[in-house]
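Below are the chains, spelled out letter by letter.
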Amino acid sequence: MTESAHSPLDELALRTLHGIADEAEREALARLLARSVESRGRFLDHAGLHAMLAREAKAGTLADDTSAFFHRLEDSPARKPGRLLRLWLPAAAAFAAACLLAVAVLPTRASAALDRVIGAISETRDRTYRIEVVEPAPPHEPSRPDRGRFPPANHLDDATLWLRGPREFILSQSLPNGETRRIGSDGNVSWSMRGTGPVRVSPDAERFGRAIFARNGEVAFLDLRTQLEDLKRLYQVERLDRGSGDTWTLVGKRRSNDQGGPREIELWFHSGTGLLERMILRHLPRENGGPRSIAIVLQSTEPLPSDFFSHQSHHEPGRTILPEP
Amino acid sequence: MRNSTPDPQLAFTRQFVAAQPALHGFLMSLVHDTHAADDLLQDLAERMWRKFGEYDDRRSFVAWGIGFARLLAMEWRRRQQRLPLPLDEETVDLLASEAADRCVHHDDRLDALRDCITRLTDRQRAVLRMRYQEECPVKTIARQSNRTQMAVYKMLKHIHLTLLDCISETLARPSR
């Protein structure tokens, strides 16, 4: 490997491309790139490889089973707990016991209620939600347009989200230039279009929604089913109240700062059908930029046309289609 | 000479699909964020399609697209309050010119990469898949695999350097 020849630049370039470089490291890299053509060449090697890997991964060139990674890690010898960890173990055990106790006293009706809401999300009923930014990014904190915000978080306010079951969705956003951007999936293919431009279509049903429907709790604020399953699994349900009429409210607080996702989730749902009427996600992860808190508000349950989630329903017949790998 | 294909839509689609990897790589070289590059690719398709009537088909489609891509990337950089990489305009211009020169060989590099990926271990491919297909941040991979962020980053770094070396060796082989 040529690590020794390019070591400082490799380190800075890769830390920057993987999103873990701090300000000083990014500035150091910028200085290196301004200084020499060799540095720029090496940086372009890294950036080019990064881009190729992103595309190849989406095209399925890489291994298709991440479980191999985890099995190997599980098979590897366990790391010896350090002193700090040993000190933390009793505290962690006490915390776990407290959590278990909380789960034990958590009214089973809260759990049952959540199951009903998750079940309703999975039904093939059509739902139209509006997204409202409840609390924008603080004014002193610049938005982070440089990291993982797809779609741009600052255009989420007043966006519309249509859902049919767990797999079909369309997110429609109005952009500042007056154009509309739509990202959707009919459950078989996903697609993305902006204004009157070509439509990108991928055989991967999650391709264009992946960053929105991010797993692992990083930015999963629009994937209602995952969000609700996380609420059941990773949040402490603190309140379950009967609201007005048949509407119930439920408030869950995140158990650990390490698990990602919004710090607090508040739901309003129909007690009989489990239909989610409103959900507020408070203190969203800041590393992805965008608003601090958003609300998803039910607008309608009117049935949509059967082909509504296919891209053809959202553009004129002759529109250029660009297939993705 | 302007583009005079009988079915311009089909011609555009074919050429854009073939040119996409190179154009995406070029955008990535200037914006340093895969989501931003992906987003700009959508804008690029729209702009190129609007101007396709003016495309001279004796010219390389990729080279033609790079002109638009360069402008889009510069516009994007100007709009950002905070950039992934705070470069001055002169350095960005140099990077853009150097990245454009490399686009000519993009397909060769991509073929070499595909070959090199087959030589990675299952574990290396799995970690790449999590990072690039699942789009998991390093922090998330670390959390899920019960490793430190640094350990995961080191693994990714090792894979990157291995792949870069492998690509260089493959391209340098006289049999190609």
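Refer to the structure presented above.
So, how was this worked out
Residues numbered from 1 in each chain as written. Chains lettered and ligands numbered in written order. Predicted model: local features only at pLDDT ≥ 70, side-chain atom pairs only at ≥ 80, totals over all residues. Heavy atoms only, no water. Helix = DSSP H or I, 4+ residues; strand = E, 2+ residues; numbered from the N terminus. Expected span 1.5 Å × (residues − 1). Buried < 20%, exposed > 50% of the residue type's maximum accessible area, 1.4 Å probe, protein only. Arc of directions from axis to C-beta. Contact = heavy atoms within 4.5 Å. Pairing = 2+ DSSP bridges. Phe/Tyr/Trp six-rings, centres within 6.5 Å; stacked < 30°, edge-to-face > 60°. Buried area = accessible area lost by both parts, 1.4 Å probe. Salt bridge = Lys/Arg side-chain N within 4 Å of Asp/Glu carboxyl O. Polar contact = N/O pair within 3.5 Å; in protein donor to acceptor, adjacent residues only side chain to side chain.

## Things to note about helix α5 (residues 106-117) of chain B
The terminal C-alpha atoms of α5(B), which comprises twelve residues, lie 16 Å apart, in line with the 16 Å expected from a rise of 1.5 Å per residue. For α5(B), the full list of buried residues reads B:H106, B:R109, B:L110, B:A112, B:L113, B:C116 and B:I117. Looking straight down α5(B), one finds that the buried residues subtend no more than 165° of arc, so they occupy a single side. Each element contacted by the buried residues of α5(B) is listed here: α3 (37-59) of chain A together with α1 (8-31), α4 (89-102), α6 (122-133) and α8 (149-172) of chain B.

## Considerations on the pairing of strand β11 (residues 293-300) of chain A
The two faces of the sheet receive side chains in turn, since in a regular strand these alternate between them. Residues and elements named next belong to chain A. Among the eight residues of β11, six are classified as buried, and the element is accordingly described as predominantly covered. Sheet topology places strand β1 (residues 126-135) next to β11; seven bridges connect them, and they run antiparallel. Following the sheet pairing, Y129 is matched in β11 by L298. Of the pairings in the sheet, the one linking strand β10 (residues 276-282) to β11 comprises four bridges and is antiparallel in character. Within β11, the residue paired with R278 across the bridge is V297.

## Details of the packing of aromatic side chains
All names here are of chain B. Summed over all chains, the structure comprises 14 aromatic pairs over all chains. Taking 6.0 Å as the distance between ring centres and 70° as the angle between the ring planes, the aromatic pair formed by F12 and F61 counts as edge-to-face. Of the two residues, F12 is situated in helix α1 and F61 in helix α3 (residues 61-79); the sequence distance between them amounts to 49 residues. When its relative accessible area of 0% is taken as the criterion, F12 is described as buried. Seen in terms of ring centroids, F52 and W64 are 6.4 Å apart; in terms of plane orientation they differ by 55°. Their pairing is tilted. Here F52, found in the loop between α2 (34-50) and α3, pairs with W64, found in helix α3; they are twelve residues apart in sequence, far enough to count as distant. Each residue in the set F12, F16, W49, F52, Y55, F61, W64 and F68 is aromatic and connected to the rest through ring pairs, giving one cluster.

## Some words on the interface of chain A and chain B
Between chain A and chain B, the contact holds 85 residues from the first and 86 residues from the second. When chain A packs against chain B, close to 8000 Å² is buried across both sides, 59% of that on carbon and sulfur atoms. Between the two partners, chain A and chain B, sit eight salt bridges. Of the charged contacts in the structure, one is a salt bridge between A:E56 and B:R114, with a shortest N-O distance of 2.9 Å. Linking chain A to chain B there are 19 residue pairs in polar contact (both at pLDDT 80 or more). Among the elements of the structure, α1 (3-17), α2 (23-35), α3, α4 (67-75), β5 (190-194) and β12 (321-323) of chain A are those that each provide at least two residues to the side of chain A that touches chain B. Broken down by element, the side of chain A that touches chain B gets its largest block of residues, 19 residues, from α3(A).

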